[in-house]
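Per-entry structural report
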There are 2 protein chains.
Amino acid sequence: MENILGREIPESIIGYKEVKPYKGAFASLGEIQKKSVKIKAMTPGHSKIITSIKEVLRKCDIHDGMTISFHHHLRNGDYVLNMVLEQIANMGIKDITVAVSSIFPIHAPLVKYIRNGVVTGIYTNYMSGPVAEAISKGELKNPIIMHTHGGRARAIESGDLFIDIAFIASPTCDTYGNINGVEGKSACGTLGYAIPDAMYAQKVVAITDHLVSYPASPIEISQEYVDYIVQVESIGDPKGIVSGTTKITKDPVGLKIAKMTAQVIEISGLLKEGFSFQTGAGGTSLAVAYYVKELMKKKGIKGSFAAGGITGYIVEMFEEGLFDCLFDVQCFDLKAIQSYRDHPKHQLMSASMYGNPHNKGAVVNNLDVMILGATEIDTDFNVNVTTGSNGMIMGGSGGHSDTAAGSKLSIVVTQLIKGRLPIVVDKVTTVTTPGETVDVLVTERGIAINPKRQDLIEKLKNTNLPVMTIEQLKEIAESMTGVPKKITLDDQIVAVVEYRDGTIIDVVRKVKG
Amino acid sequence: MENILGREIPESIIGYKEVKPYKGAFASLGEIQKKSVKIKAMTPGHSKIITSIKEVLRKCDIHDGMTISFHHHLRNGDYVLNMVLEQIANMGIKDITVAVSSIFPIHAPLVKYIRNGVVTGIYTNYMSGPVAEAISKGELKNPIIMHTHGGRARAIESGDLFIDIAFIASPTCDTYGNINGVEGKSACGTLGYAIPDAMYAQKVVAITDHLVSYPASPIEISQEYVDYIVQVESIGDPKGIVSGTTKITKDPVGLKIAKMTAQVIEISGLLKEGFSFQTGAGGTSLAVAYYVKELMKKKGIKGSFAAGGITGYIVEMFEEGLFDCLFDVQCFDLKAIQSYRDHPKHQLMSASMYGNPHNKGAVVNNLDVMILGATEIDTDFNVNVTTGSNGMIMGGSGGHSDTAAGSKLSIVVTQLIKGRLPIVVDKVTTVTTPGETVDVLVTERGIAINPKRQDLIEKLKNTNLPVMTIEQLKEIAESMTGVPKKITLDDQIVAVVEYRDGTIIDVVRKVKG
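If you're wondering where the values come from, they're calculated on a predicted model, not measured in any experiment. (Residues numbered from 1 in each chain as written. Chains lettered and ligands numbered in written order. Predicted model: local features only at pLDDT ≥ 70, side-chain atom pairs only at ≥ 80, totals over all residues. Heavy atoms only, no water.)

**Observations concerning the overall build of chain A**
Stated formally: In this description a helix means any DSSP run of H or I spanning at least four residues, a strand means any run of E spanning at least two, and both kinds are numbered starting from the N terminus. For the radius of gyration, the atoms used are the C-alpha atoms, and the globule rule reads 2.2 Å times the number of residues raised to 0.38. Note on classification: 1.4 Å probe, protein chains only; a residue is buried when its accessible area is under 20% of the maximum for its type, exposed when over 50%, partly exposed between these limits. Here, residues are in contact when the closest pair of their heavy atoms is within 4.5 Å. Accessible surface is estimated by sampling points in the Shrake-Rupley manner with a 1.4 Å probe; for residues, cover comes only from the protein chains shown. We count Lys and Arg on the positive side and Asp and Glu on the negative side, and we leave His and both chain ends out. Charge positions come from single atoms, namely NZ of Lys, CZ of Arg, CG of Asp or CD of Glu.
When you go through chain A residue by residue, the secondary structure sums to 15 helices and 29 strands. Its C-alpha radius of gyration of 22 Å places chain A within 12% of the 24 Å reference for a compact globule of 513 residues. Projecting the C-alpha coordinates of chain A onto the three principal axes gives extents of approximately 70 × 55 × 45 Å. Expressed as a percentage of the 513 residues in chain A, the buried residues total 64%. Considering only contacts within chain A whose residues lie at least 6 apart along the sequence, 72% involve residues at least 24 apart. Here chain A has roughly 17,400 Å² of accessible surface; of this, 50% comes from carbon and sulfur atoms. The distance from the centre of the 53 positive side-chain charges to the centre of the 55 negative ones in chain A is 2 Å.

Here's what the structure looks like:
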């Protein structure tokens, strides 16, 4: 069968629960029910500290077939996933499903566990590196399930993603399980993605390299949710945890795109008192922030909030008084960590508060403008950030679909051609984010506006901006690169891409060869 | 039948769910299950602001038989409960159950609604004033259910107390439902008791007199949990919300008791680095804090935390560096509110984090010393803070039973005789807190130690403190007052006193006449 985007979805998928095809960005809302959590109550005088990961796995009754979860705030410096899996493998446990909010090159040992059957299932929101490659080649037994950041929170809270044991990489943890990410040698800032895991998993284990006396302060994850604590030598490599500083692009093409994007924002009418804004950590995205900043200063506009994974650049805008507050699910650099630690108005948001479509209103719902990237965008404005044009998984939604759906104006910024391939195509290799939630595409050659935003088309009509149809952009690109060859893929489904509401927006098939 | 404390509990109680007799302070723990929450997901662009209480009641589909909840941080200045009930009464709704964490004299209009059948059930943790009197006289249709502060959180989270609509009195609320208690003309400090209501009620309504633009900061209750917002002229009378400052007693008898109590704490061996402490806001309790402070300073001890409803006096100890951190479920005075607003280490705790026995470890579990009051204490160390010796309800557990159960050393401080009646009796009128969780009784005439604490008896043996048996204390009291006459009560049960785990520790019967 096909879903409403015309993507081919089988009636059933081996290793996947009931298939529910995507029906539209806001079609599956309404009344929803959260999972009932079972826990073991803790009596006074009982210690939560366990001497080793092996011992804590025994305490949690680890066995074949379980689902264990991790968060990705330590990014490409994370040691925790690898050390837990190593122990599980040593214990001879098989058939584990790993639910980790993102997978990085440092998680390469997972490939070994995929091959030897220790790991047979994976949930993630984003993946790059050797694990993504192995999965693209069909090495994992079951198809992985790819969520959005908000969709993962939804899946955990609803019970769709049932977690037996959540492992919380804890830069600071006290002796009764209060956790924060701002102190300790592995400080990473906010722990927003780990909060649903802590609240809804059957068992919760804090793994820390900075065990402090009770009580920790601040507290991001409360003792109420933590069963056990294990102290280890190191939970991560600081070099991989945070980049030094995130920087604006110096590439003139990127700057041109950014400048035009800022103009679109200005003309949209959203750039006024109370303006709210989110952008990624990429060079062009940050350049948009630069031009928006200049406009805000020129016009004397004070924004309400900026959100997202927060970068030092956004912190600077906040410190200059351009935003009243920051909502932060993940700190991207040291400056962001420091700001989050020191400024009360640089506030934590959980993954659920950030983007879960099944709560009483996520932060994304209040975003005026969201700046998005794209690997491909098709003439229906569907965006792919999951697979490369060769079909290989090299990303995933993260907050892409959540912010696109929530914001009043979502703008994709990209060069028209990358690696000699046009970015605008007839049909994206994989749909990550549905076109109905994407408003504008800005490239160095021209700007395309989603036809459903006639209001925007009207506003941009009499400006000097190079507005054209997305088909025209595709033609310009193809005139330079030629029409790219269609890739052919194997039938085997290696990934199910769930939209934030849990319906299937697309599947990823095995790459050939 | 009788429960293990020998209290007469009927096999069934009209207007009350299944009777489960109390079986011991830690007998009903183990595996527990939290309630599954149903909510309505909120789409972008949807406004939560409703023009009036009447309109919001309609939106929540108010009807006969519903349970609505309130929190008591506005104490004897709270307007919210009265204004909501007035509107419900005007709409002709009947048979409402009111779940309010505490009831004060300002809630006198409830009596009218009890009499005319608008309100037929009540859950509360504490009550004083006209409503307590009316209930003691048997005027409410169903027996009220009295919880502890932690027990109320447990009941809400488990579904034992099912809330259809929670009304959150909100000193500050933004346009998307983020709430705090530190700003606005009705600022009351932390909103710890309201958090379980917000997280587990079917519908959540913020009532505010300080509606601010999005986003509020700080956020104590997140937009994720709030369905609707109603702006009103005033949610409370500042004079009733906070007392100016809470003060130490000047009464020499109270000071004598306090001084001896501090000595008991010192001799117990708990007064060392990392010491943790909680005391109430009463004059004698605060005097204990004074003497403990002097001891800590003399010995150069730094404590880990103080907890509870926080008073200015405890804030002073915190500011002097005697405690590293404060855990605050409710600010008792202006100084506490300011401290909570300004000091990151003066931290919020929810009612569940504070005292819920059915989570993975409440803050009370880490308390070294708790100072408690008593209206009566019997020779089994059972304490009554629920009823007066005339049988009239004039209080309730609040955090009494939670902290007694959690702390390593719980000390009841009281004068031996009050209002010409002995405080030590054979059998308390009502058991609020079981004797197995009460370690020491300190009175001006002598100190009694619970026989189950042989370790303490040993430590106090060779000191100059007047240690004696509780029976001896009773005899001393009775030699001065005579043996008090037993009161006789009607058969009708007007209140079911639930222990923190939801079992029945006692019932309160109707007063005669």
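**Topic: the packing of aromatic side chains**
Rules: A pair of aromatic rings is counted whenever rings of Phe, Tyr or Trp (Trp by its six-membered ring) have centres within 6.5 Å, and the orientation is called stacked for planes under 30 degrees apart, edge-to-face for over 60 and tilted otherwise. Working rule: Lys NZ or Arg CZ, within 6 Å of ring centre, within 35 degrees of ring normal, means a charge sits over the ring.
Tallying each qualifying case throughout the model produces 18 aromatic pairs over all chains. Arranged with centres 5.1 Å apart and planes meeting at 75°, the rings of Tyr290 of chain A and Tyr291 of chain A form a pair that is edge-to-face. Three or more aromatic residues link up through ring pairs in this structure, and these residues are Tyr176 and Tyr214 of chain A together with Phe305 and Phe327 of chain B. Taking NZ or CZ as reference, Lys48 of chain A lies 4.3 Å from the ring centre of Tyr176 of chain A, over its face.

**Re the interface of chain A and chain B**
Convention followed: A 1.4 Å probe defines the accessible area here, and the buried area is the portion of it lost by two parts on being joined, summed over both. Salt bridges are defined by distance alone: a side-chain nitrogen of Lys or Arg within 4 Å of a carboxyl oxygen of Asp or Glu.
On the side of chain B, 59 residues touch chain A, which itself brings 59 residues to the contact. Taken together, the two surfaces of chain A and chain B that pack against each other cover about 4,600 Å², and 55% of this comes from carbon and sulfur. Sorting the residues of chain A by area buried against chain B places Ile39, Glu224 and Lys360 of chain A first, and these three jointly supply 19% of that buried surface. On inspection of chain A and its partner chain B, the count reaches 2 salt bridges.

**So, the relation of the copies chain A and chain B**
The criterion, for reference: Our superposition of the copies is a least-squares fit, built on the C-alpha atoms of residues whose pLDDT is at least 70 in both.
You can overlay chain A on chain B at an RMSD of 0.0 Å; the transform is a turn of 180° with a shift of 0.0 Å along its axis. With respect to symmetry, the two chain copies, as superposed, fit the operation of a two-fold axis. The rotation axis passes nearest to the C-alpha of Ser36 of chain A in chain A, at a distance of 2.1 Å. Comparing interface residues between copies, 100% of those in chain A also lie at the interface in chain B; the contact surface is shared.

**Re the sheet that holds strand E15 (residues 303-310) of chain B**
Residues and elements named next belong to chain B. Selection criterion: DSSP calls a pair of strands paired once it identifies at least 2 bridges connecting them. Orientation is described by lines fitted to C-alpha atoms, with helices fitted over the stretch in contact, and by angles between N-to-C directions that extend from 0 to 180 degrees.
Reading across the sheet, the 9 strands line up as E17-E16-E15-E14-E18-E21-E25-E26-E27 and stay open at both edges, with mixed pairing between neighbours. Here the strands that pair on one side only, and so sit at the sheet edges, are strand E17 (346-348) and strand E27 (467-468). Note: E15 against strand E16 (residues 323-331), 7 bridges, orientation parallel. Each residue of the ladder has a partner; that of Gly308, found in E16, is Asp328. Lying over the sheet, helix H14 (residues 454-461) contacts strand E21 (409-413), strand E25 (440-443), strand E26 (446-449) and E27, oriented at roughly 145° with respect to E26.

**Side note on unusual backbone geometry**
Residues and elements named next belong to chain B. Cis peptide bonds are those with omega within 30 degrees of zero, and the linkage from Tyr214 to Pro215 qualifies with -5°. Within the element layout of this structure, Pro215 appears in the loop between strand E12 (211-212) and strand E13 (228-231). Look at Arg75: it is not a glycine, yet its phi comes out positive at around 45°. Inspection of the secondary structure assignment puts Arg75 in the loop between strand E4 (67-70) and helix H2 (80-90).

**Quick word on helix H8 (residues 252-268) of chain A**
Residue and element names in this part refer to chain A. Heads up, the rule is: Each helix should span, by expectation, one fewer than its residue count multiplied by 1.5 Å.
Over its 17 residues, H8 extends 24 Å from the first C-alpha to the last, a length consistent with the 24 Å expected when each residue adds 1.5 Å. Taken as a whole, H8 has its buried residues at Gly254, Ile257, Ala258, Met260, Thr261, Ala262, Val264, Ile265 and Ser268. Two residues or fewer after H8 comes Gly269, characterised by a positive phi angle close to 90°.

**Observations regarding helix H11 (residues 334-342) of chain B**
For clarity, the cut-off: It is the directions from the helix axis to the C-beta atoms that the arc portrays.
Among the residues of H11 of chain B, those classed as buried are Ala336, Ile337, Ser339 and Tyr340 of chain B. Each buried residue of H11 of chain B lies within a common arc of 165° when the element is viewed along its axis, so the set occupies one face.

**So, the packing of H8 of chain A against helix H9 (residues 283-299) of chain A**
Residue and element names in this part refer to chain A. Definition in use: Orientation labels follow simple angle bins: below 35 degrees gives roughly parallel, above 145 gives roughly antiparallel, 65 to 115 gives roughly perpendicular, and whatever is left gives oblique. By convention, the crossing between two helices is left-handed when the near helix turns anticlockwise from the far helix through less than a right angle, and right-handed when the turn is clockwise. Residues are grouped as follows: Ala, Val, Leu, Ile, Met, Phe, Trp, Tyr, Cys and Pro are nonpolar; Asp, Glu, Lys and Arg are charged; all remaining types, including Gly, are polar.
Here H8 crosses H9 at 45°, and the two axes come no closer than 8 Å. As judged from the angle between their axes, H8 and H9 are oblique. Considering how the two elements wind past one another, H8 and H9 form a crossing that is right-handed. Contacts between H8 and H9 pair Gly254, Leu255, Ile257, Ala258, Lys259, Thr261, Ala262, Ile265 and Glu266 from the former with Thr284, Ala287, Val288, Tyr291, Val292, Leu295 and Lys299 from the latter. Of the residues in the contact of H8 with H9, the class split is 10 nonpolar, 3 polar and 3 charged.

**A few points about the pattern of salt bridges**
Applying the stated criterion across every chain, the model contains 50 salt bridges over all chains. Between Asp227 of chain A and Lys360 of chain B there is a salt bridge, with its nearest N and O atoms 2.7 Å apart. Taken together, the residues Asp227 of chain A in the loop between strand E12 (211-212) and strand E13 (228-231) and Lys360 of chain B in the loop between helix H12 (351-355) and strand E18 (369-372) connect one chain to another. Using a relative accessible area of 1% as the deciding quantity, one classes Lys360 of chain B as buried. The residue Lys474 of chain B makes a salt bridge to Asp426 of chain B at a minimum N-O spacing of 3.2 Å. Remark: Asp426 of chain B occurs in the loop between strand E24 (424-425) and E25 and Lys474 of chain B occurs in helix H15 (residues 470-481); sequence separation between them is 48 residues. Take Lys474 of chain B: its relative accessible area is 12%, and that puts it in the buried class.

**Let's talk about the sheet that holds strand E18 (residues 369-372) of chain A**
Residues and elements named next belong to chain A. Pairing in this open sheet of 9 strands is mixed, and the strands run E17-E16-E15-E14-E18-E21-E25-E26-E27 from one edge to the other. The outermost strands of the open sheet, each flanked by one partner alone, are strand E17 (346-348) and strand E27 (467-468). For strand E25 (residues 440-442) and strand E26 (residues 447-449), the ladder comprises 3 bridges, and the chain directions are antiparallel. If you follow Val440 over to E26, its bridge partner there is Ile449.

**Some remarks on the domain arrangement of chain A**
Residue and element names in this part refer to chain A. Short version of the rule: Where each domain starts and ends comes from a domain assignment, either automatic or drawn from a database. Side-chain atoms alone can form a polar contact between residues adjacent in sequence; in general such a contact is a pair of N or O atoms within 3.5 Å, and within protein one must be able to donate a hydrogen while the other accepts it.
As assigned here, chain A comprises domain 1 (49-241) and domain 2 (252-488). Computed over C-alpha atoms, the centres of domain 1 and domain 2 are 29 Å apart. Contacts between the two partners involve 34 residues from domain 1, matched on the other side by 29 residues from domain 2. Of the roughly 2,300 Å² buried between domain 1 and domain 2 on both sides combined, carbon and sulfur atoms contribute 65%. The three residues of domain 1 that bury the most area against domain 2 are Arg75, Thr190 and Tyr193, which together make up 21% of that side's buried surface. Between the two partners, domain 1 and domain 2, sit 0 salt bridges. Counting across the interface, domain 1 meets domain 2 through 19 residue pairs in polar contact (both at pLDDT 80 or more). Where the side of domain 1 that touches domain 2 is concerned, the elements lending two or more residues are helix H4 (130-136), strand E7 (144-146), helix H5 (149-158) and helix H6 (195-200). In terms of residue count, H5 provides more of the side of domain 1 that touches domain 2 than any other element does, 6 residues in total.

**Points about the packing of H8 of chain A against helix H14 (residues 454-461) of chain A**
Residues and elements named next belong to chain A. Contact geometry of H8 with H14 gives a least axis separation of 10 Å together with a crossing angle of 105°. One way to sum up the angle between H8 and H14 is to call them roughly perpendicular. On the side of H8, the interface is formed by Val264, Ile267 and Ser268, while H14 contributes Leu456, Lys459 and Leu460. Looking at the contact of H8 with H14, its residues break down into 4 nonpolar, 1 polar and 1 charged.

**Topic: the side chain of Ser186 of chain A**
All names here are of chain A. Summarising the element assignment, Ser186 is placed in the loop between strand E10 (179-180) and H6. Residue class for Ser186 comes out buried when judged on its relative accessible area of 0%. A polar side-chain atom of Ser186 sits 2.6 Å from a polar atom in the side chain of Asp209. Residues contacting Ser186, with those up to four places away along its chain left out, are Leu74, Pro171, Asp209, Ile235, Gly236 and Ile241.

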